[in-house]
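Structural characterization, general
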Amino acid sequence: MELAVLNTQGKETGRKVVLSDAVFGVEANDHAIYLDVKQYLADQRQGTHKSKQRNEVAGSTRKLKRQKGTGGARAGSIKSPLFPGGGRIFGPQPRDYSFKLNKKLKQLARRSALTYKAQAGAISIVETMSLEAPKTKSVVALAEALKVDDKKVLLVLPESNVNLQLSCRNLPYVKPVLAQNVCTYDVMNASAIVMVEGAENVLNTMLA
């Protein structure tokens, strides 16, 4: 697949880049995408939830009343889960939600996600931007020129560009990311993918 390289005004520069079919034109695997996104979201969970069991709450362990003859149900400690202030039955405990996925499956998931975006025409290539200082207006103008200012934008950079990355801080709809760090979740979560020229080569090399 060939895409025209656009300038910061959204006009074609006359150059074109080739998106490898081995990365942007594979047979998509929906289950691989599901697993990779599930792993990403699981990794975001802190897993610090905790409730107290009956052996952890404060209270006496004295038997509240005699076993028989009261006409009511048997009652032991005030810390029983049946009483207000008692422990919680099978409550949440701290745990690690992360799980392992094979490297090849994760690569397949990223290729599948990029293929879906390429098929949807949601990928744009822009020429290298050089900013002398962080300036949010520059990124806003670029988004408007590419007509993606009303979408969730994933800005993929071939290498670190501090000024450009800082320029995106105040724009909640733009997420800058290095090509080597692109993940399936970010690709699927974005409505439009804007790649700075050279980022496609990193993805081609990394995922082909």
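Remember, it's a predicted structure, so these values are computed and weren't measured experimentally.

Points about the pairing of strand β2 (residues 12-18)
Sheet topology note: the strand β1 (residues 2-6)/β2 ladder contains 4 bridges and is antiparallel. Counterpart to Glu2 in the pairing with β2 is Val18. Two successive antiparallel strands, β1 and β2, enclose a turn made up of 5 residues, where Gly10 displays a positive phi of approximately 85 degrees.

Describing the nonpolar core
Of all hydrophobic cores here, the largest spans 23 residues; its most connected members are Phe24, Leu114, Val156, Ile193, Met195 and Leu203. When residues of this core are traced back to their parent elements, those giving at least two are β1, α1 (21-24), α3 (103-119), β3 (123-126), β4 (153-157), β6 (192-196) and α7 (199-207). In contact with Leu114, not counting residues within four places along its chain, are Val23, Phe24, Ile123, Val187, Ile193, Met195, Leu203 and Leu207. The next biggest cluster of nonpolar side chains, apart from the first, holds 20 residues, and it includes Leu131, Val139, Val174 and Val194.

Structural notes on empty space enclosed by the protein
What the rule picks out here adds up to 1 cavity of 30 Å³ or more. Considered as a void within the structure, the largest cavity measures approximately 70 Å³ in volume. Surrounding the largest cavity, Val139, Leu142, Ala143, Leu146, Val148, Val153, Leu155, Val174 and Val194 form its lining. Mapped by element, the contributors of at least two residues to the lining of the largest cavity are α4 (136-145) and β4. At 3 residues, the largest contribution of residues to the lining of the largest cavity is made by α4. Classifying every residue of the lining of the largest cavity by side-chain character gives 9 nonpolar, no polar and no charged.

A closer look at a positive patch on the surface
There is a patch of like positive charges on the surface, built from Lys63, Lys65, Lys68 and Arg74. Position of Lys65 among the secondary structure elements: in the loop between α2 (30-44) and α3.

Side note on the packing of α2 against α3
One way to put it is that α2 packs onto α3 with a least axis distance of 8 Å and a crossing angle of 110 degrees. One element, α2, and the other, α3, form an angle in the roughly perpendicular class. Two secondary-structure elements touch here, α2 through Asp30, Ala32, Ile33, Leu35, Asp36 and Gln39 and α3 through Leu105, Lys106, Leu108, Ala109, Ser112, Ala113 and Tyr116.

Topic: the environment of Gly91
Turning to its location among the elements, Gly91 is positioned in the loop between α2 and α3. The exposure class of Gly91 is buried, given its relative accessible area of 14%. Residues Gly91 and Thr70 lie 21 residues apart in sequence; the distance between their C-alpha atoms is 31 Å.

Some remarks on the pattern of salt bridges
Applying the stated criterion to the full structure yields 4 salt bridges. Of the charged contacts, one joins Glu56 and Lys50 as a salt bridge, the two residues approaching to 2.9 Å between their closest N and O atoms. Residue class for Lys50 comes out partly exposed when judged on its relative accessible area of 40%. For Asp186, the salt bridge identified is with Lys175, shortest N-O distance 2.8 Å. Here Asp186, found in helix α6 (residues 184-189), pairs with Lys175, found in strand β5 (residues 174-178); they are 11 residues apart in sequence, far enough to count as distant.

Brief notes about the packing of α3 against α7
In contact at an axis separation of 11 Å, α3 and α7 are set at 140 degrees when each is read in the N-to-C sense. With respect to their mutual orientation, α3 and α7 come out oblique. For the pair α3 and α7, the sense of crossing is left-handed. Touching Gln107, Arg110, Arg111 and Leu114 of α3 are Leu203, Met206 and Leu207, all from α7. Its residues assigned to classes, the contact of α3 with α7 comprises 4 nonpolar, 1 polar and 2 charged.

Scoring rules and cut-offs
- Residues numbered from 1 in each chain as written.
- Predicted model: local features only at pLDDT ≥ 70, side-chain atom pairs only at ≥ 80, totals over all residues.
- Heavy atoms only, no water.
- Pairing = 2+ DSSP bridges.
- Helix = DSSP H or I, 4+ residues; strand = E, 2+ residues; numbered from the N terminus.
- Core = buried A, V, L, I, M, F, W, Y, C linked by side-chain atoms within 4.5 Å.
- Buried < 20%, exposed > 50% of the residue type's maximum accessible area, 1.4 Å probe, protein only.
- Contact = heavy atoms within 4.5 Å.
- 1 Å grid on protein atoms, 1.4 Å probe; cavity = no way out; pocket = protein on both sides within 12 Å on 5 of 7 lines; lining within 4 Å.
- Points joined across faces, edges and corners; volume = space filled by probe spheres on them.
- Nonpolar A, V, L, I, M, F, W, Y, C, P; charged D, E, K, R; others polar.
- Patch = residues over 30% accessible without salt bridge, like charges linked within 9 Å, V, L, I, M, F, W, Y side chains within 5 Å.
- Areas by Shrake-Rupley, 256 points an atom, 1.4 Å probe, with all protein chains shown as cover.
- Salt bridge = Lys/Arg side-chain N within 4 Å of Asp/Glu carboxyl O.
- Lys, Arg positive; Asp, Glu negative; His and termini not counted.
- Charge placed at Lys NZ, Arg CZ, Asp CG, Glu CD.
- Axes fitted to C-alpha atoms, helices over the stretch in contact; angles between N-to-C directions.
- Parallel < 35°, antiparallel > 145°, perpendicular 65-115°, else oblique.
- Left-handed = near helix turned anticlockwise from the far one by under 90°.

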